[in-house]
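# Survey of secondary and tertiary structure
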Amino acid sequence: MKVTCDACGCDMKITSSFRYLCPECKNEIEMAHIQETNLKYRDEHKKNIEWLKIKGNEIIIVN
């Protein structure tokens, strides 16, 4: 799954503390929130999310 920072557009990286972190603007979100969103999406659409954008604490699904 691709996770992108909405502020600067760069790909966020997984840290050892199970978070996604933007190397440019240091925006971060816990992996558990992303997994929860993916689980709900998978139940409704029968597939995993391919791309997310993170805007602050908001998770935006990009199709």
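Before reading further, recall that the structure is shown in the block above.
Note that residues are indexed from 1 along each chain, following the sequence as it is written. Where local features are concerned, this predicted model is filtered to residues with pLDDT of at least 70; where side-chain atom pairs are given and counted, the filter is 80 or more; whole-chain, interface and lining totals use all residues. Calculated side-chain values reflect all of the structure's heavy atoms, with hydrogen atoms and water omitted.

### A few points about the environment of Gly9
Turning to its location among the elements, Gly9 is positioned in the loop between β1 (2–5) and β2 (13–14). Sequence spacing of Gly9 and Arg42 is 33 residues, and the spatial spacing of their C-alpha atoms is 25 Å. Here a helix means four or more residues in a row that DSSP labels H or I, a strand means two or more in a row labelled E, and each is numbered from the N terminus.

### Details of the sheet that holds strand β5 (residues 51–55)
Note: two strands are recorded as paired if DSSP finds a minimum of 2 bridges between them. Pairing is mixed in the open sheet, where three strands are placed in the order β1-β5-β6. Taken across any chain shown, the strands that pair with only one partner, and hence form the sheet edges, are β1 and β6 (58–62). Across the sheet, the mean angle separating the axes of adjacent strands is 30° when strand polarity is ignored. Bridge analysis of β1 against β5 gives four bridges, and the strand direction is parallel. Of the residues in β5, the one forming a bridge with Val3 is Leu52. Whether two residues touch is decided by their heavy atoms; if any such pair falls within 4.5 Å, the residues are in contact. For every element, the axis is a line fit to its C-alpha atoms; helices are fit only across the contacting stretch, and the angle between N-to-C directions ranges from 0 to 180 degrees. Its contacts with the sheet place helix α1 (residues 31–45) against β1, β5 and β6, and it is angled at close to 45° to β6.

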